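Geometric and topological summary
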Amino acid sequence: MDIRFTVDSAPVLGPALVLFAVGSAVQVWRDAWNVRRALLQLAAAVYVAAVLSLTIFPLDVTWGEYANQAPWISQINFIPLLTADVTIVPNVIMMVPFGFLLPLMSRRATSPSRAALMTAAASLAIEAAQLLSYIVLNNGRSVDVNDLLANTLGGLAGYALVTLALRAPAVRGPLLAAALPRSAALQDDRRRTAAAEGPRPAPVADPVIRP
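Residues numbered from 1 in each chain as written. Predicted model: local features only at pLDDT ≥ 70, side-chain atom pairs only at ≥ 80, totals over all residues. Heavy atoms only, no water.

With that out of the way, let us pick up the environment of Glu127. Locating Glu127 in the fold gives a position in helix 5 (residues 112-137). Among the residues examined, Glu127 registers a relative accessible area of 6% and is labelled buried. Spatially, the C-alpha atom of Glu127 lies 5.7 Å from that of Val143, the residues being 16 residues apart in sequence. Engagement of the side chain of Glu127 in a polar contact is seen with the backbone nitrogen of Asp144, the distance being 3.3 Å. (Helix = DSSP H or I, 4+ residues; strand = E, 2+ residues; numbered from the N terminus. Buried < 20%, exposed > 50% of the residue type's maximum accessible area, 1.4 Å probe, protein only. Polar contact = N/O pair within 3.5 Å; in protein donor to acceptor, adjacent residues only side chain to side chain.)

Before going further, it helps to examine the UniProt feature "transmembrane region" (unreviewed entry) in the chain. Under the UniProt annotation, the feature "transmembrane region" (unreviewed entry) is placed at residues 12-29, 38-59, 79-104, 116-136 and 148-166. A distance of 27 Å separates the end C-alpha atoms of residues 148-166, which is 100% helix and 0% strand. (UniProt positions renumbered as here; feature names shortened; annotations may be inferred.)

For the coordinates displayed, the defined rule picks out three salt bridges. Here Asp189 makes a salt bridge to Arg172, at a shortest N to O gap of 2.6 Å. Of this pair, Asp189 sits in helix 8 (residues 184-197) while Arg172 sits in helix 7 (residues 169-178); the two residues are 17 residues apart in sequence, bridging distant segments of the chain. Ionic pairing is found between Asp188 and Arg191, a salt bridge with its closest N-O pair at 3.8 Å. One end of the pair is Asp188 and the other is Arg191, both in helix 8 and three residues apart, which spans about a single turn. Look at Arg191 and you get partly exposed, because its relative accessible area is 47%. Through salt bridges with shared partners, a single ionic network connects Asp188, Arg191 and Arg192. (Salt bridge = Lys/Arg side-chain N within 4 Å of Asp/Glu carboxyl O.)

Residue placement: Tyr47 occurs in helix 2 (residues 35-55). Taking the C-alpha atoms as reference points, Tyr47 and Met95, separated by 48 residues in sequence, lie 9.8 Å from one another. If we ignore the near neighbours within four places in the chain, the residues touching Tyr47 are Met94, Met95, Pro97, Phe98 and Leu101. (Contact = heavy atoms within 4.5 Å.)

Right, let's talk about the side chain of Thr119 for a bit. By the secondary structure assignment, Thr119 is in helix 5. With relative accessibility at 0%, the residue Thr119 sits in the buried group. Ignoring sequence-local partners within four residues, the contact set of Thr119 consists of Met95, Phe98, Leu102, Asn151, Thr152 and Gly155.

Bringing helix 8 into the picture now. Taking 1.5 Å of rise per residue, the 14 residues of helix 8 would be expected to cover 20 Å, and the 20 Å separating its terminal C-alpha atoms lies within 8% of that figure. Within the span of helix 8, buried status applies to Ala184, Ala185 and Leu186. On its buried face, helix 8 sits against helix 2, helix 4 (96-105), helix 6 (145-166) and helix 7. (Expected span 1.5 Å × (residues − 1).)

On the surface, Val18, Val22, Val26 and Trp29 cluster together into a nonpolar patch covering about 440 Å² of accessible area. Along the polypeptide, Val18 turns up in helix 1 (residues 10-29). (Patch = residues over 30% accessible without salt bridge, like charges linked within 9 Å, V, L, I, M, F, W, Y side chains within 5 Å. Areas by Shrake-Rupley, 256 points an atom, 1.4 Å probe, with all protein chains shown as cover.)

Together, Arg107, Arg108, Arg114 and Arg182 make up a region of like positive charge exposed at the surface. Along the polypeptide, Arg182 turns up in the loop between helix 7 and helix 8. You can call Arg182 exposed: its relative accessible area is 58%. (Lys, Arg positive; Asp, Glu negative; His and termini not counted. Charge placed at Lys NZ, Arg CZ, Asp CG, Glu CD.)

What follows is about the environment of Asn146. Relative to the assigned elements, Asn146 resides in helix 6. Spatially, the C-alpha atom of Asn146 lies 7.3 Å from that of Ile88, the residues being 58 residues apart in sequence.

Attention now moves to helix 2. An α-helical turn contains 3.6 residues, so a residue and the one three or four places further along point in the same direction. If you check helix 2, its first and last C-alpha atoms are 30 Å apart, about what 21 residues at 1.5 Å a residue would give, namely 30 Å. Residues of helix 2 that are buried: Ala38, Leu40, Gln41, Ala44, Ala45, Tyr47, Ala49, Val51 and Thr55. Taken together, the buried residues of helix 2 touch helix 1, helix 3 (89-94), helix 4, helix 5 and helix 7.

Laid out in structure tokens, this is it:
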């Protein structure tokens with residue numbers, strides 16, 4: 001039996017984004033989220049959907065005579081930088097927003113090294129999903145270690161950008177207002193504020209009056 005069809009991103013990701021937007025509006029209406037935080041999370045959801053539409057969708061499902069018969073191991077490039085060229089630039093750009101959003105949404109993105117590890121983990125998940133879709137659906141997706149390196153570099157670039165933005169008074173306030181309550185950006189802001197205020201003076205005990 002030969003089967004061949006395509007699953008586009010719009011019928012899958014479109015309804016998911018609509019449901020998320022409705023849920024966000026309900027949270028704002030219930031005063032569980034403020035508007036800026038809701039918009040930040042909605043922007044993150046749109047970004048994730050865009051990345052999935054570029055890396056996973058469309059899903060070309062093929063079984064039977066039209067299926068790709070090459071072994072799955074042949075779809076993986078394990079050698080870094082050997083085949084790297086200008087085509088890695090889009091992979092760098094794609095993950096810049098990811099690195100930018102990390103400190104605003106995650107409490108673990110407290111340093112460039114942690115941001116790099118989190119970006120690499122997200123990129124590895126994408127590559128694993130592409131490989132799985134090749135194994136299960138025979139859709140011709142390939143896995144490249146250069147994509148992993150480029151994505152990690154993009155995440156670091158985004159982290160550097162948000163670090164600079166948080167030091168600019170004009171945008172620092174709006175960014176912190178949109179950041180999630182336990183995010184690394186707000187934790188760092190509290191530490192800086194506490195350091196600027198200095199240690200609190202010890203309470204002065206009332207003098208003991210002897211008869």
